[in-house]
Structures are given as structure tokens and as C-alpha cells.
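# Descriptive structure summary
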Amino acid sequence: MFNVIIVKNKLNAKNRGTTQRNHNIAEESLQRNEERIYSCRSKDKENLKSFFERNGKDGFILLVSYNNEGKIKDDNITETEIEDVYIGEIYDFILNQEKDEYQIKYLMKKKITDKRIIINILDGIDMDLASDYEDYSYVMARSLESLYNSVKDFLIKGVSPQLFNNYREIDETYKLSDYAQKNHMCRRMYGKLPEDKTRSEFQRDRERIVNSKAFRRLVDKAQIFSADKGDHYRTRMTHTLEVNQIAKAISVCLGLNVDLTEAIALAHDLGHTPFGHQGERTIQKILEGKELKGLFNISDQNARIGGFKHNYQSIRVMTKLEEKYIEYSGLDISFQVLEGALKHTKLKREENNIEEFIHKEFVEELHMDRDFCSNLEGQVVAVADEIAQRGHDIDDAITSGLISVDELIEALSSYKFQDLYKRLKNENEKINDNSRRYINKRELIVGRVISCIVSYFIKDVVQASEEEIKKKKLCNDDGIFNEKLIVFSENGEKCCQFIEKLVNKRVIADSEVAKFDSNADIVIKKLFEAYYKNPKLLHSGTLRKIYVDMLSSENEEVANSAIDLINGNLKVVRQEIKEITTDIITDISNEKQRVLFEKRKILIRNIADYIAGMTDSYAKKEYEELL
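Here goes a summary of the coordinates provided. Owing to the predicted nature of the structure, the values given are computational and were not obtained by experimental measurement. (Residues numbered from 1 in each chain as written. Predicted model: local features only at pLDDT ≥ 70, side-chain atom pairs only at ≥ 80, totals over all residues. Heavy atoms only, no water.)

### Describing the pattern of salt bridges
Between side chains of opposite charge, a pair can form when the charged atoms approach closely. One pass over the full model with this rule turns up 38 salt bridges. Ionic pairing is found between Glu576 and Arg116, a salt bridge with its closest N-O pair at 2.4 Å. Of this pair, Glu576 sits in helix H20 (residues 570-582) while Arg116 is found in helix H3 (residues 115-123), placing the two residues 460 residues apart along the sequence. By relative accessible area, which is 2% here, Glu576 ends up buried. Given a relative accessible area of 10%, Arg116 falls into the buried group. Lys430 is the salt-bridge partner of Glu427, the closest N and O atoms lying 3.9 Å from each other. Note that Glu427 and Lys430 are positioned in helix H14 (residues 418-432) at a spacing of three residues, about one turn of the helix. Glu427 sits in the buried class, given a relative accessible area of 15%. What you see here is one network of salt bridges that share partners, running through Arg199, Arg206, Glu207, Lys248, Asp259 and Glu262. (Salt bridge = Lys/Arg side-chain N within 4 Å of Asp/Glu carboxyl O. Helix = DSSP H or I, 4+ residues; strand = E, 2+ residues; numbered from the N terminus. Buried < 20%, exposed > 50% of the residue type's maximum accessible area, 1.4 Å probe, protein only.)

Structure follows, in C-alpha cells:
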């Protein structure tokens, strides 16, 4: 099953005509993409026949061309006597009775000339070309999973993303308005799974998101206060669920697609870092070179690493980082959900290149020419996120004692906020009338205050959006809207901004929050610096991802010189890490430096991915272990 045939081919042998011909035929096969034949000598015929009867005929062939004894010199890679290795797929083995030969039919797929890669491939089998072959034998057959997988990594092309948008119309669970997204409008990057008659496409999106690792991690990622402060303070997970509840309420009132709304709401913070917004601010500054200055050893001003923001990272999580399907990486989430998650907050295009987070051929599917989501369900989630933040930030502020209910009500007494002011005052008076015995009067007041604030904004948005939709009279042939239709009223917008300002003044600026943010900054910087200086500290999954990203690079030189940082030859790996992390990059227009920069960029981006994916607890644990 894991068959690899290793053919040794001594270029400066006495009978060099035969070995040179083997080399030329392999090159022909590679260049013309045509099958060729390698004929085995009598010594190898019986061994191969027995081997293939036991293990089957599928596998790879390596033609290892060398001079002298083919010595591998760890101490001086450039003097290694192996010239190159051709890697091909085996298609058949034919017993030629007339010539008494066993012929291997193959198609060469790749030629490796980088000495380090050659050493890495052959290091796994500890092979000596001069002494490990029997006399008059030129072929070695091995069934070794590690070698087979190492060779296979170089040949895998992966599935190219190709837009799929051929979905059927269905009877929706909810009655949908003309402006809602319908099942047949769904657009995906792959769409390879057969349609499910029991679920809509947006239901499938929601279920893929809920079952993702990134979603589960939200339970231990801070909103404003760390979970260490107490069980009643919100985490990124509880915030997500509250956004989901608010967004669903608005969607139902407006007749929009609730399944799509839920999927966007549940996905919108998947890319969030540990320690709230401070985590993403610190990573952003590191990537920009404003923190840990000089760490990356890059002096060329044109060599940009790219930015970091949690909404962009959510796209990367769903399209590149989650692993669920055999054929492709990511969750194959619809573009409707991806765009909604991206645009639930400000885009900040000048700091972030969207092509770092999604395949560049699909950027247009995200409608980057507008700041708001092109589907109304995504617009609903953006507004619901604002409402949820206003509600639970006030909740956390009152619970932590940074503001009192009376202070909040008084702050809203302006004539502009009379509607909400009256509601809050009325609820407060009802509670003070004591219609029953309260277990915790303060908790009850907080609960009623937040309920009033959230319901006020939901009603405001529904009413204002209905008026906006009616006024515009837009058609909805493809579910794509060029205008923002889900909005607050003018007074609702002012009220939302006022509460946000109040929270920023009384809560975000609080010394306890400042200490939390400062500690978060220290932890993130320490982790980033440690992982960059010694990538071997990274999780094995991240090291594997770095290798796969290099093999998949559009730059052929990067792909052809990718080193497996887990299973590679130790000296080769050390040399590769030293070059990637410490060699100074001064001019990326130089091809050699460009290759080095692309590798460094892959390393840095994967470190950012790894840290961003951590929970607060895991990040603190890693930090303590690195001290």
C-alpha cells in the first residue's frame, strides 16, 4: 500500500551510457507528461515480482542520480554526491517474457535538485547507495508509510476551488419576504457534497460552524473582562449567542432567512483572538512592525507581511484553517456567510489584504467595493452585534460596579432618548413597588434594564428598516443589494452611540480593564517572539501547516524547496529555520530573497493563526511554560 521503488542511477559509472539514458528518459517523461518504462535487470526481477505480489502495484518511483558513491554529507550539503531525484507515479509492472525483463511503467511528476530536500527524502530510510543494494542490483523496493507520505506531499496538487451555485429551490421553513436569501441563491467555493433534502444549504452552514473547533473555543475567550473575574461575565461565546438571538428576532420580523442569519451570527467572531480586542490589536502591531521591532529582520519597505483583524481572520478560519473534508481545507461555507462575517464590523482595507485570508480568485464574491454586506441577513447581524454589545457592556459595567442603574437612567434623560429613558424609569419604579419578595433586587434591576435596552433597539431597527426597504423599492433577482437597508432610526443611532461612549468612558477606560489589556499585550508578544525565534516550540499541527503552505505556494521555488520541520533531517531543519528566521531581507526583487521572504511570511502568518486560535487559558498556560 505504501510502495516506493528506489532506482539508483550512477551517472559516472563505467557504463554511463545506460545511466545517462535512464536520466534522459525520466526527463522526457517529466517534460512531455508521458509514460515511460524502466527495465529491471535479472537480479531485481524476482525481488520485485515477490514484492508486488505481497503489496500490490500502486506506488511511487524515485530515480536517484548520483556520482561516485552517492554519499550524503550532513556537514556540507553542497558537496552531497546525489545530483537529483525524479519522483513519479507507477502505473504498471509488466513481465516481458521475450526479453526476460520486469518493466516498470511510470510517469515522472517532479524533479528535485535542492540538496536539502534530497537529504530529507532519503534520510527517512537511512539509505546508503553504495552498500545497501545487493551486487548487480539497482532497484530497492520499500513499503514504508513515512517515506511514501513524504514523497506524496511533493506530488499532491489539491483541489482547485471552483464556484458552485447550482442549488435547487426549496419550500423554506419560514415564510420569506422578497428581499430574503433563498436556497437556490447559495454560492460556495467547492460545493462538492450532494444536496441534502432534509436541510437547506444555509442550515448546513450553521451546523458546520457549530461543529467547528473555532466555535467551541469561543467559550474561553474574553469579551471585556477575563473569565477569571467570575462566571457571570460574558465570554466571546455568550456574546455570539446573544448576537444570534437578537439577529434572529429582527430577521423573523422582516421575513429574512433565519438559517442564514444564524449562520452569520454564529460565525462572525470565529477569528477572534484570546484576551478580547487587545489580542488582535497586539498581533496587528507585531505584523506591522510597530511591536517587537526588528524581530523579522526585514529592511525592505515593500516586504509587507499583511495585517490582522478578527473579522478577516474569521474568513481564514472558515476557508483555510478548519479541517473537516477530505478533498479540501476549510468548511466550504457559503459566500453569503463569509461576507456577512467579514462585514459585521469595519473593514480597514488599508491595514488588511483580503487575499491573505481567502483565495484571491474569490475576492469578488465578497463584494469588497462596499463596506456593508450585500445580503440583508448579513446587514442584520452587523446591527445585532451593535445591539448586543450595548446591552451586555452595560450589564458587565453595572455588575462590576463601574456604573449604577440610577446613573445610567439619569444619563439617558436627554430629550433625544426619552423613549428609552421612560421605559427604564418605569421598570425601575415597578421593581421598587415590590410586588413579590426578591431574592436579589440588584440582579433583577440589571436584567430588566438590559431587556429594555435590547428590545428598544430591536423594535427601532425593525421599524426603521421596514421604512427604508419600502422607500427604496429595490428588486431582488440575485439577493445582492447595493444599499444599506438594515439601519437604526436617527434617534436609535444616536442612542446607540451615546451608550457606547458611556461604556468606553466608564468601563473600557477602567483600571482593571487596562490591567487586563496590558497583561494580554505582554502574553501575546512573549508568545509571538518565542515561537518566531524557535518555531519548533509550535504545535505539531502548526508545523505541518507551515510545510503544507510552502508546498502549496504559487512560487515554484518555495514549493520545490519546502522542508518538513517535523520529520526532516535535523541538521537540514536547523539550517532552514536559521535562514527563515535570521537572514536579513533587504531586497525582495532579488529572486533568492523573494523565496526567503515568502517562507518567512508563511511562518509568521501561521504563528498569528496559532496564537489567534488559542483560548485565554491556553495562552496563559503557554506563556507560563515559556517563562
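From this point, the narrative continues.
### Quick look at the packing of aromatic side chains
Enumeration over the complete set of coordinates arrives at 16 aromatic pairs. Joined through ring pairs, the aromatic side chains of Phe2, Phe60 and Tyr148 make up one cluster. (Phe/Tyr/Trp six-rings, centres within 6.5 Å; stacked < 30°, edge-to-face > 60°.)

### Regarding the pairing of strand E5 (residues 101-112)
Along E5, nine of the twelve residues are buried, which leaves the element largely enclosed by surrounding structure. By the bridge criterion, five bridges tie strand E2 (residues 36-40) to E5 in an arrangement that is antiparallel. When the sheet's bridge partners are listed, Cys40 is paired in E5 with Tyr102. Relative to E5, strand E4 (residues 82-96) is paired through eleven bridges, and the arrangement is antiparallel. Counted as the bridge partner of Val85 is Ile112 from E5. With antiparallel pairing between neighbouring strands as the criterion, E4 and E5 make up a hairpin whose turn holds four residues, including Asp100 at a positive phi of roughly 55 degrees. (Pairing = 2+ DSSP bridges.)

### A short note on unusual backbone geometry
Working note: non-glycine residues mostly have negative phi, and peptide bonds are mostly trans. The residue Phe275 is not glycine, and still its phi comes out positive at about 65 degrees. By the element assignment, Phe275 lies in the loop between helix H8 (258-267) and helix H9 (276-288). Among the residues examined, Phe275 registers a relative accessible area of 4% and is labelled buried. Not every positive phi belongs to a glycine, and Lys348 is a case in point at roughly 50 degrees. Tracing the backbone through its elements, the reader meets Lys348 in the loop between helix H11 (335-342) and helix H12 (376-399). Since its relative accessible area comes to 37%, Lys348 is described here as partly exposed.

### Digging into the pairing of E4
Alignment of strand E3 (residues 60-66) against E4, held across seven bridges, turns out to be antiparallel. Within the sheet, the bridge partner assigned to Tyr66 lies in E4 and is Ile82.

### Observations regarding the environment of Glu89
For Glu89, the position within the fold is in strand E4. On the accessibility criterion, Glu89 (27% relative accessible area) is partly exposed. Separated by 239 residues in the primary sequence, Glu89 and Tyr328 have C-alpha atoms spaced 22 Å apart. Not counting residues within four places of it along the chain, the set of residues in contact with Glu89 comprises Gly59, Phe60, Lys105, Tyr106, Leu107, Lys109 and Leu155. (Contact = heavy atoms within 4.5 Å.)

### Structural notes on the sheet that holds E3
Sheet strands associate in pairs through backbone hydrogen bonding, adopting either a parallel or an antiparallel arrangement. Strand order in this open sheet of six strands is E2-E5-E4-E3-E1-E6, and the pairing throughout is mixed. If you trace the sheet from one side to the other, it starts and ends with E2 and strand E6 (139-143), each paired once. Averaged over all pairs of adjacent strands, the angle between strand axes in this sheet comes to 35 degrees, irrespective of strand direction. Its contacts with the sheet put H3 on E3, E4 and E5, and the angle it makes with E4 is roughly 50 degrees. (Axes fitted to C-alpha atoms, helices over the stretch in contact; angles between N-to-C directions.)

### Points about the nonpolar core
Counting 90 residues, the largest nonpolar core has Ile209 and Ile358 as the members making the most contacts within it. Looking at this core, the element that brings in the most residues is helix H15 (residues 441-472), giving 13 residues. Aside from chain neighbours lying at most four places away, what touches Ile358 is Met189, Ile315, Thr319, Lys320, Phe335, Leu338, Val363 and Leu366. If you look at the next biggest cluster of nonpolar residues, it comprises 73 residues, including Ile87, Ile125, Phe308 and Phe597. (Core = buried A, V, L, I, M, F, W, Y, C linked by side-chain atoms within 4.5 Å.)

### Here's the deal with the packing of helix H7 (residues 236-254) against H8
The packing of two helices is summarised by the inter-axis angle and the distance between the axes. Contact geometry for H7 and H8: axes closest at 9 Å, N-to-C directions at 155 degrees. Accordingly, the angle class assigned to the pair H7 and H8 is roughly antiparallel. Considering how the two elements wind past one another, H7 and H8 form a crossing that is right-handed. Where H7 approaches H8, its residues Thr240, Leu241, Val243, Asn244, Ala247, Lys248, Ser251 and Val252 are matched on the opposing element by Val258, Thr261, Glu262, Ala265 and Leu266. (Parallel < 35°, antiparallel > 145°, perpendicular 65-115°, else oblique. Left-handed = near helix turned anticlockwise from the far one by under 90°.)

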